Amino acid sequence: MTSEGAVADMIQIEEYLEQGGVLSAPDNAPARYRGELMRLMSSFVDSELAASAGFANAINHAPGIKERIAASRITLEKADHAERVLKVMETFGTDIQRYQRQHDWAARVARDAEVGAGRQAGDMRLSVFHYPITGWTDAVVMNVLQGLATGVQMMELTAVSYGPLADVFREIAPRETRHAELGFEGLERIVVTPEGKAEAEVALSYWRPRVAAGFGTANSSRFATLKKFGLRHSPNEELLGRWEAQLADRLSTIGL
């Protein structure tokens, strides 16, 4: 049974976190906080590993050397980002070698499938990374939409209350921003032809709702807990709105 002193300590830590406090080591983390933190890190790592695997398959669809280099860079750096966060998870006891091997990160469901039926137990990747990329335009559009979404979500991640993880996310954030920019540069080249613009519109219709789903549901009941722990600051619907506004602004500049 939990002692009264331990309960008091836990309440004090939760109040400290809610007021903007930062933890710096696993030993300082209460059990509930640790569970939510590990869930957040697992979702990020799984998404980065799945994204890396998806873009690895897209490299051979690239129409030129410049595009192959961009896709290769994204593939490499997303794997590197996953490794950096895994090293933080290792301090909490995660076997990172075993973790990396637990799923087929390149596995995808059918394009029109419901993700729930194809999700493996313990696979925490965002639902968008369960869907396959088909061709270069499809890859570029997906990267633009998800890249902008990651940029919005990074504003939350770089402010998490676990200091060592926030430091890693601050190192990662500029490269994630660059991934989105590489995608937009590729999209600009695609839409200069009527055929390319038509393909891009089809891909936008497919990927937009799937990327949007990654922000979660409005009025999430878990948000209050995450905010109390300093692991979230803005609700899902606010982050979604930021993404939609940024996306509309960027697409309008190239006539989409």
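Preceding block: the structure.
The rules behind these values
- Residues numbered from 1 in each chain as written.
- Predicted model: local features only at pLDDT ≥ 70, side-chain atom pairs only at ≥ 80, totals over all residues.
- Heavy atoms only, no water.
- Helix = DSSP H or I, 4+ residues; strand = E, 2+ residues; numbered from the N terminus.
- Buried < 20%, exposed > 50% of the residue type's maximum accessible area, 1.4 Å probe, protein only.
- Contact = heavy atoms within 4.5 Å.
- Lys, Arg positive; Asp, Glu negative; His and termini not counted.
- Charge placed at Lys NZ, Arg CZ, Asp CG, Glu CD.
- Axes fitted to C-alpha atoms, helices over the stretch in contact; angles between N-to-C directions.
- Parallel < 35°, antiparallel > 145°, perpendicular 65-115°, else oblique.
- Left-handed = near helix turned anticlockwise from the far one by under 90°.
- Nonpolar A, V, L, I, M, F, W, Y, C, P; charged D, E, K, R; others polar.
- Salt bridge = Lys/Arg side-chain N within 4 Å of Asp/Glu carboxyl O.
- Phe/Tyr/Trp six-rings, centres within 6.5 Å; stacked < 30°, edge-to-face > 60°.
- Lys NZ or Arg CZ within 6 Å of the ring centre and 35° of its normal.

Across its full length, the protein chain carries 10 helices and 0 strands. For the protein chain, the succession of helices and strands along the chain, N to C, is α-α-α-α-α-α-α-α-α-α. Each principal axis of the C-alpha distribution contributes one length, and for the protein chain these read about 70 × 35 × 35 Å. Relative to its 256 residues, the protein chain shows a buried fraction of 49%. For the protein chain, the proportion of contacts with a sequence separation of at least 24, taken over those separated by at least 6, is 70%. Distance between charge centres in the protein chain, computed from 28 positive and 34 negative side chains, equals 3 Å.

What follows is about the packing of helix α2 (residues 31–58) against helix α3 (residues 65–90). The interhelical angle for the contact between α2 and α3, taken along N-to-C directions, is 155 degrees, at an axis separation of 8 Å. Classified by the interaxial angle, the pair formed by α2 and α3 is roughly antiparallel. Classified by chirality, the crossing of α3 by α2 is left-handed. Every residue of α3 that contacts α2 at Met38, Met41, Ser42, Phe44, Val45, Glu48, Leu49, Ala51, Ser52, Phe55 and Ala56 is listed here: Ala71, Ile74, Thr75, Lys78, Ala79, His81, Ala82, Val85, Leu86, Val88 and Met89. Considered class by class, the residues forming the contact of α2 with α3 number 16 nonpolar, 4 polar and 2 charged.

Between α2 and helix α6 (residues 136–157), the least distance of the axes is 12 Å, while the angle of their chain directions is 160 degrees. In terms of orientation, α2 and α6 fall into the roughly antiparallel class. As α2 packs across α6, the resulting crossing turns out to be left-handed. Between α2 and α6, the contacting residues are Leu40, Phe44, Phe55 and Ala58 on the first element and Trp136, Ala139, Met142, Asn143, Met154 and Leu157 on the second. Split into classes, the residues belonging to the contact of α2 with α6 amount to 9 nonpolar, 1 polar and no charged.

Moving on, we get to the pattern of salt bridges. In a structure, side chains of opposite charge can pair up when their charged atoms sit close to one another. Summed over all chains, the structure comprises 16 salt bridges. A salt bridge links Arg170 to Asp167; its shortest N-O distance comes to 2.7 Å. A residue pair is termed a helical-turn pair when its members lie 3 or 4 positions apart in one helix, as Arg170 and Asp167 do in helix α7 (residues 163–190) at 3 residues. The partly exposed category is assigned to Asp167, whose relative accessible area is 40%. Between Glu185 and Arg178 there is a salt bridge whose closest N-O contact spans 3.0 Å. Its relative accessible area of 26% is what places Glu185 among the partly exposed residues. A residue is classified by how much of its surface remains accessible, and Arg178, at 30% relative accessible area, is partly exposed. Three or more residues are tied together by salt bridges with common partners; here these are Arg73, Glu77, Asp80, Arg84, Glu171 and Arg175.

Let's shift gears to the packing of aromatic side chains. By the definition in use, this model includes 6 aromatic pairs. An angle of 75 degrees between the planes, with centres 5.0 Å apart, marks the rings of Phe44 and Phe169 as edge-to-face. Residue Phe44 is located in helix α2, and its partner Phe169 is located in helix α7; the two are separated by 125 residues in the primary sequence. In this structure Phe44 comes out as buried when scored by relative accessible area, which is 10%. We classify Phe169 as buried; its relative accessible area is 0%. It is Arg210 that lies over the ring of Tyr206; its NZ or CZ is 3.8 Å from the centre.

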